[in-house]
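Descriptive analysis of the structure
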Amino acid sequence: MSDATERPAEPPPTDVPVTELDPDAWEQACAEDLAAERARRRARQTAEEPGSVAEEFRKLADALADKVAGLQAPLAGTAVQGAVQQLIEQAKAAAEPVIERNPDVFEHLASAGSELLAAYRAAVTGQERRWTQGAEGSTKDRGDESKSSSSEHIDLD
C-alpha cells in the first residue's frame, strides 16, 4: 500500500483553533456578498439617471441604428449597407425635429402606454379569475358536462 492510504488525513493547518471557528461564517459571507452587490447596483443606478422620454427615445434610436448597422456588415454587400445607412439617417432626420419641437408629446405617449398596459393587465387578471372560478364551480354542478369545452366572449372595452 502507498504511504498516502496508510496514514489518516490530517486537518488543514489554520491559524485559528478548530474550537474557535465561527459556525455562522457562511451566513456572514453571504450577507457581505449580498450587501456588496446591492451597493454596486445602487451605484450603477444612481450614475445612470434616466432623462426625459425624448432623450431616452433619442438614445433608443441611436442604439437601434448602431445595431442595424452592425448586423448588416457581415451579411450584405456595400450597396445594401449604404442603402441601410441612408434609410437610418433619413429616419433620424425625420424624428429629430419632432422630438425637439414636441418633447411633451413623448411624455404623454409614455404615460398613455403605461395606462393602456395597466388596463390590459386588469382585464386579463379579471378574466383569468372568472375562468378559474368558473371552471371550479362548473365541474361540481354539471358532472359529465364539464368535460366539454365552452367559449366565452371577452370584451376589452
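Residues numbered from 1 in each chain as written. Predicted model: local features only at pLDDT ≥ 70, side-chain atom pairs only at ≥ 80, totals over all residues. Heavy atoms only, no water.

Turning our eyes to something else, we now look at the overall build of the chain. When its secondary structure is counted, the chain shows five helices and zero strands. If you list the helices and strands of the chain from N to C, you get α-α-α-α-α. For the chain, with 157 residues in total, the buried portion stands at 6%. In the chain, of all internal contacts separated by at least 6 residues, the share reaching a separation of at least 24 is 51%. With an accessible surface of roughly 13,600 Å², the chain has 57% of that area assigned to carbon and sulfur atoms. (Helix = DSSP H or I, 4+ residues; strand = E, 2+ residues; numbered from the N terminus. Buried < 20%, exposed > 50% of the residue type's maximum accessible area, 1.4 Å probe, protein only. Contact = heavy atoms within 4.5 Å. Areas by Shrake-Rupley, 256 points an atom, 1.4 Å probe, with all protein chains shown as cover.)

The next point concerns the pattern of salt bridges. Tallied over the entire structure, the rule returns four salt bridges. The salt bridge partner of Arg-41 is Glu-37, with a shortest N-O separation of 3.1 Å. Taken as a pair, Arg-41 and Glu-37 lie in helix α2 (residues 25–47) at a separation of four residues, close to a single helical turn. The salt bridge partner of Lys-92 is Asp-62, with a shortest N-O separation of 3.1 Å. Taken as a pair, Lys-92 in helix α4 (residues 78–101) and Asp-62 in helix α3 (residues 53–75) lie far apart in primary sequence, 30 residues in all. Lys-92 sits in the partly exposed class, given a relative accessible area of 29%. (Salt bridge = Lys/Arg side-chain N within 4 Å of Asp/Glu carboxyl O.)

Our next topic: the side chain of Gln-127. In this structure, Gln-127 sits in helix α5 (residues 103–142). By relative accessible area, which is 5% here, Gln-127 ends up buried. A distance of 2.8 Å separates polar atoms of two side chains, one belonging to Gln-127 and the other to Arg-130. With near-sequence residues (within four places) excluded, Gln-127 lies in contact with Glu-152 and Ile-154. (Polar contact = N/O pair within 3.5 Å; in protein donor to acceptor, adjacent residues only side chain to side chain.)

A cluster of nonpolar side chains, namely Phe-57, Leu-60 and Leu-64, defines an oily patch on the protein surface of about 270 Å² accessible area. Looking at the secondary structure, you find Leu-64 in helix α3. (Patch = residues over 30% accessible without salt bridge, like charges linked within 9 Å, V, L, I, M, F, W, Y side chains within 5 Å.)

Attention shifts here to the confidence of the model for the chain. Note that predicted coordinates carrying low pLDDT should not be read in detail. Of the residues in the chain, 69% reach a pLDDT of 70 or more, and the chain-wide mean stands at 75. Across the chain, the element-wise mean pLDDT spans from 59 in helix α1 (residues 3–6) up to 86 in α2. (pLDDT = per-residue confidence, 0-100.)

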